[in-house]
Amino acid sequence: MNDPVRYGLAVIGYVVLAMFTKQFLTWTYGPLYFMFTLEVLPRTWRRLRGLRPQAAESR
Amino acid sequence: MSWAAHEFEDYFIQKHIGTKASFIAVVIGAFLPDLITKSFVYEHSTDAAHFHRGWPGVGFTHSLMFGVVIATVVLAITKSRSWALGLLIGEWAHVLTDVSDTAGVMLFFPFSTQNLSIQMWKHAASQGRLGDAAAYYSGLGGVWDFFWFCMVLVFARKVFRADYFWSVVVPADFKVWSWARRRLHLTDNGMLLAYRAYFLYGMSRMVAWFLYARFQTDKPWQPVWGGPKYIKGNYLMTGDWWRITLSLGLGGVAFAITLYLLWRFLIRRLWARGVDPEIVERGSGLRVAFH
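No experiment lies behind these values; they were computed from the predicted model shown.

Caption draft 1: Region of the structure containing the overall build of chain B. The helix and strand inventory of chain B stands at twelve helices and zero strands. Moving toward the C terminus, one meets the helices and strands of chain B in the order α-α-α-α-α-α-α-α-α-α-α-α. Computed over its C-alpha atoms, the radius of gyration of chain B comes to 20 Å, within 12% of the 19 Å expected for a compact globule of 291 residues. Counting only C-alpha atoms, chain B reaches 55 × 45 × 30 Å along its principal axes. Residue burial in chain B is summarised as follows: out of 291 residues, 49% are buried. Within chain B, contacts between residues at least 6 apart in sequence are counted, and of these 75% link residues at least 24 apart.

Caption draft 2: Expanded view of the overall build of chain A. Within chain A one finds two helices and zero strands. Against the globule reference of 10 Å for 59 residues, chain A gives a C-alpha radius of gyration of 13 Å, more extended than a compact globule. Projecting the C-alpha coordinates of chain A onto the three principal axes gives extents of approximately 35 × 25 × 20 Å. Within chain A, the fraction of its 59 residues that count as buried is 15%.

Caption draft 3: View of the packing of helix α1 (residues 5-17) of chain B against helix α8 (residues 140-155) of chain B. Residues and elements named next belong to chain B. Running from N to C, α1 and α8 cross one another at 20°; their axes reach a closest spacing of 9 Å. Between α1 and α8, the crossing angle belongs to the class labelled roughly parallel. Two packed elements cross with a definite hand, and for α1 against α8 that hand is left-handed. Across from A5, F8, E9, Y11 and F12 in α1, the residues of α8 making contact are W144, D145, W148, F149, M151 and V152. In terms of residue class, the contact of α1 with α8 is built from nine nonpolar, no polar and two charged.

Caption draft 4: Inspection of the interface of chain A and chain B at higher detail. With 21 residues of chain A at the contact, the number on the chain B side is 24 residues. At the level of elements, α1 (4-21) and α2 (29-48) of chain A are the ones that each hand at least two residues to the side of chain A that touches chain B. Ranked by the residues each element gives to the side of chain A that touches chain B, the list is headed by α1(A), at seven residues. A class-by-class count of the residues in the side of chain A that touches chain B yields 15 nonpolar, three polar and three charged.

Caption draft 5: Fine view of the packing of α1(B) against helix α6 (residues 81-98) of chain B. Residues and elements named next belong to chain B. Relative to each other, α1 and α6 sit at 135°, their axes nearing to 10 Å. The orientation of α1 with respect to α6, classified from their angle, is oblique. Every pair of crossing elements has a handedness; the one defined by α1 and α6 is right-handed. Here A5, H6, E9, D10, I13 and I17 of α1 come into contact with α6, specifically with I89, G90, A93, H94 and T97. Across the contact of α1 with α6, the residue classes break down as five nonpolar, four polar and two charged.

Caption draft 6: Seen up close, the nonpolar core. Core analysis: the largest hydrophobic core is formed by 91 residues, its most contacted members being B:F8, B:V26, B:A84, B:I89, B:A133, B:A208 and B:W209. Broken down by element, this core gets its largest block of residues, 18 residues, from helix α11 (residues 188-216) of chain B.

Caption draft 7: Molecular detail of unusual backbone geometry. All names here are of chain B. Cis rather than trans, the peptide bond between F109 and P110 has omega equal to 5°. Geometrically, the link from G227 to P228 is a cis peptide bond, its omega value of -5° lying close to zero. Following the sequence through the fold, P228 ends up in the loop between α11 and α12 (241-272). Here H185, not a glycine, exhibits a phi torsion of approximately 55°, which is positive. Mapping H185 onto the fold places it in the loop between α10 (174-184) and α11. Residue H185 is classed as exposed on the basis of its 8 C-beta neighbours within 10 Å.

The rules behind the values
Residues numbered from 1 in each chain as written. Chains lettered and ligands numbered in written order. Predicted model: local features only at pLDDT ≥ 70, side-chain atom pairs only at ≥ 80, totals over all residues. Helix = DSSP H or I, 4+ residues; strand = E, 2+ residues; numbered from the N terminus. Rg over C-alpha atoms; globule rule 2.2 N^0.38 Å. Buried ≥ 20, exposed ≤ 12 C-beta atoms within 10 Å, placed from the backbone. Contact = placed C-beta atoms within 7 Å. Axes fitted to C-alpha atoms, helices over the stretch in contact; angles between N-to-C directions. Parallel < 35°, antiparallel > 145°, perpendicular 65-115°, else oblique. Left-handed = near helix turned anticlockwise from the far one by under 90°. Nonpolar A, V, L, I, M, F, W, Y, C, P; charged D, E, K, R; others polar. Core = buried A, V, L, I, M, F, W, Y, C linked by C-beta atoms within 7 Å.

Just distances and angles here, no functional claims.
Below is the structure:
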C-alpha cells in the first residue's frame, strides 16, 4: 500500500461515520465506500483540478 | 457467527492457495452461507437462531455438503477448477469458523441435523442485529476477529503487495478480473483497491462495532469462554453428550462415504474435463489446492 495515510484516513472515516449515524455499512456497501473514498473521489478531484492522474502502484 | 473474521480469513487463505484457486471465488464462497439468509435472520425474531442455523430453516447453508454441492454445480457448468475450489474452500472456512459460537452449525447436514458448537462466544441473533453485534464484540468474538487480523498482518501481509496482486491473484482468475475491469472501467489502482477493499472493510467493521459495544451500549467487556455472561445466548447443541456424539459421528461417517462416492462417480469426471488458467501447476493430494 503506497499511501497508508490515505488508507488510514478512510478507515477512520468509516468508523466516525458508523459511530455518528449508527449505520453500519454492510458487506456490499462497505467495500464500495472504500472504492469511492480511495479511488473515485481522489481521481475526480485531480481531474477537476487539471492534475495528472495518480501513478499506478508499481507492479 | 463471525463479524469480520470471514473477511480476514480470505486473505490468509489467499496466501496458501496462491494461483490454485480464484480469490474472488473464495470471497463469494465465504459469504455464501450468509448471502441469501442473513437479511432474513433478524426478521425471524421469534426463533432467529434456529432459522439461521437449524432445520427446518436455512441452516443447511452452514454445512460442509452445501459447499460441495455448490462447487460441483459450478465445476459442471463453468468447467473452472479454480472457481470450484475457491467456492469450496471459502464456504468450508465460513462453516468451520461458525462452529465457535453457541448456536454452532449442522456440520454434516443432511446426514445429521445435530449442531456442533464449541461455544466460544454468544450467538445472540434473537437480540436483533445491533444486540447480536454488541454481544459478539463484548465476548471472545471480537478477540477472534482481532486474532485473524493479526494472523493476516503477521503471516500473510505479502498478499497486499501490488506485485503479488498482478503476478498471482489476477493471473489465477484472469478472465473475471479482465471482465470486471472492462465492465466497471477500473484503473490499475482501482483493481488493486477492489482486491484490498474487503480487508479494509473488515478492519473498519471490527473497530466500529467494538467501539459501538463499548461506548454506545455501555456493555461490559467479558472476553471469557462462552461470554458475555449477562446476555442470553442461543444454544442449538442441546441434549445428552452421547446422543450428540453418536449423531455427529454417524453423520460424519455418512458424509465421508457420500463424498467419496460423489468423487468416484461424478466429481472426478467433472474435474478431469475441467480447465485451469495457464499459470496453474497442480500437484497431488493437498497440493491440488494449496502450495
